[in-house]
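# Topology and contacts: notes
Chain by chain, the residues:
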Amino acid sequence: MNITSVFKPDLFTGKVAIVTGGGTGIGAAITQELAHLGCDVVIASRKEQRLKEAADQMNANPNIKGRITAIACNIRQEEQVKNLMQSVVKEFGKIDFLVNNGGGQFQCPAENISMKGWSAVIDTNLTGTFLCCQHAFREWMGANGGVIINIVVDMWRGFVFMSHSGAARSAVDNLTKTLALEWADKGIRINSVAPGTIYSETAAANYPTDVFSASREVQPTGRLGTPEEVAALVCFILSPAAAFMTGIFASTCSHS
Ligand code: ADE
């Protein structure tokens, strides 16, 4: 993959980032641009083998300057989240950036969602994000500062057939604002990023129907966004160019 970036080369040299869900889709694009700009990136998700393969594949790209390392972590499990943060501090000496991108949902009319399905989506997207923020704070950022980005979705005016995810992501946006206030004096910035409708093969494979064609028609831009466009926004917010930006949500093109 030919990685390009509008940012200056080596912008993130010497920095350490954790990207949950960093092996696929938007997370992989974020990981690759960060690493292209010199950042060491730890990608974390549940399936260790797939994660390692993704890291190996990305590291093989000559455009990558930082090192990409895979650490398995189920963000729903507090002990595993604590272990992730401790392992990164032990191996890399710090955590400069945390990108909470790991999450998931399934399409279902609200009236048919089971308790199991509801809880799984809330636990992953809301509680998992909270746990990552809390343990990044406890293990490093509380004493040293850092930057956190919570990836949400374009759920501002409702999220049809995704009531669980819309509720969880909206809650994450509010959590973002609260943590920005609570942690501002610790040198921590925390913002949320809401990608508009972004086409990635991972996302397409996740849905039983072609959700992207219909969506393309209602885009004011006439096209869907790309994972690379989300990655660029994330890199901007992590960079010193956004040094006084906290508690904000930023969106790539919204059609709501
Ligand atoms: N991506 C989707 N679900 C996840 C989970 N439970 N832990 C980490 N990454 C995930």
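Look above for the structure.
Here we summarise the structure given alongside this text. Please read these numbers as outputs of a predicted model, since none were measured by experiment. (Residues numbered from 1 in each chain as written. Predicted model: local features only at pLDDT ≥ 70, side-chain atom pairs only at ≥ 80, totals over all residues.)

### Regarding the overall build of the chain
Within the chain one finds 8 helices and 7 strands. Against the compact-globule benchmark of 18 Å for 256 residues, the chain has a radius of gyration of 17 Å, which places it among compact chains. For the chain, the spread of C-alpha atoms along the three principal axes comes to 45 × 40 × 35 Å. Relative to its 256 residues, the chain shows a buried fraction of 45%. For the chain, the share of sequence-separated contacts (at least 6 apart) that also reach a separation of at least 24 residues comes to 76%. (Helix = DSSP H or I, 4+ residues; strand = E, 2+ residues; numbered from the N terminus. Rg over C-alpha atoms; globule rule 2.2 N^0.38 Å. Buried ≥ 20, exposed ≤ 12 C-beta atoms within 10 Å, placed from the backbone. Contact = placed C-beta atoms within 7 Å.)

### Re the site of the ligand
Around the ligand, 13 residues are found, and the nearest of them are Ser 45, Asn 74, Ile 75, Gly 102 and Gly 104. Across the shell around the ligand, the residue classes break down as 2 nonpolar, 9 polar and 2 charged. (Near = placed C-beta within 6 Å. Nonpolar A, V, L, I, M, F, W, Y, C, P; charged D, E, K, R; others polar.)

### Here's the deal with the pairing of strand S3 (residues 68-72)
Summarising burial for S3: 4 of the 5 residues are buried, a large majority. Here strand S2 (residues 40-45) pairs with S3 via 5 bridges, running parallel. Its bridge partner being in S3, Val 41 is matched across the sheet by Ile 68. Once you follow S2 into helix H2 (residues 48-59) and on to S3, the crossover reads as right-handed. (Pairing = 2+ DSSP bridges. Right-handed = clockwise from strand over helix to strand, strands pointing away.)

### Examining H2
With 12 residues, H2 extends 16 Å between its outermost C-alpha atoms, agreeing within 8% with the 16 Å of an ideal straight helix rising 1.5 Å per residue. Tucked into the core, H2 has its buried residues touching helix H1 (25-36), S2 and S3. (Expected span 1.5 Å × (residues − 1).)

### Some remarks on the nonpolar core
Inside soluble globular proteins, nonpolar side chains tend to come together where they are buried. Residues Ile 43, Ala 136 and Val 234 are the most contacted members of the largest nonpolar core, which totals 67 residues. A per-element tally of this core places helix H4 (residues 115-144) first, with 9 residues. Excluding residues within four positions of it along the chain, Ala 136 makes contact with Met 85, Ile 95, Leu 98, Met 141, Gly 146 and Ile 148. (Core = buried A, V, L, I, M, F, W, Y, C linked by C-beta atoms within 7 Å.)

### Here we look at helix H8 (residues 227-238)
Between its terminal C-alpha atoms H8 stretches 17 Å, which fits the 16 Å expected from 12 residues at 1.5 Å a residue. Within the span of H8, buried status applies to Pro 227, Val 230, Ala 231, Leu 233, Val 234, Cys 235, Ile 237 and Leu 238. Looking at the buried residues of H8, the elements they touch are H1, strand S4 (97-100), strand S5 (146-151), strand S6 (188-194) and strand S7 (249-251).

### Quick look at the pairing of S5
With 6 of 6 residues buried, S5 lies mostly within the body of the structure. Pairing between S4 and S5: 4 bridges, direction parallel. The residue bridging Phe 97 from the neighbouring strand is Val 147, located in S5. In the classification by handedness, the crossover that spans S4, the intervening H4 and the parallel S5 is right-handed. Summarising the sheet, S5 and S6 pair through 6 bridges and their orientation is parallel. Bridge pairing links Ile 149 to Asn 191 in S6.

### A few points about unusual backbone geometry
With phi around 70°, Asp 10 is a residue other than glycine that occupies positive phi space. Within the secondary structure, Asp 10 is located in the segment before strand S1 (16-20).

### Some details on the sheet that holds S7
On the basis of which strands lie adjacent, the open sheet formed by 7 strands has the order S3-S2-S1-S4-S5-S6-S7 and parallel pairing. For this open sheet the edge positions go to S3 and S7, each flanked by a neighbour on one side alone. The average undirected angle you get between the axes of adjacent strands in this sheet is 20°. Where S6 and S7 come together, 3 bridges link them in parallel fashion. (Axes fitted to C-alpha atoms, helices over the stretch in contact; angles between N-to-C directions.)

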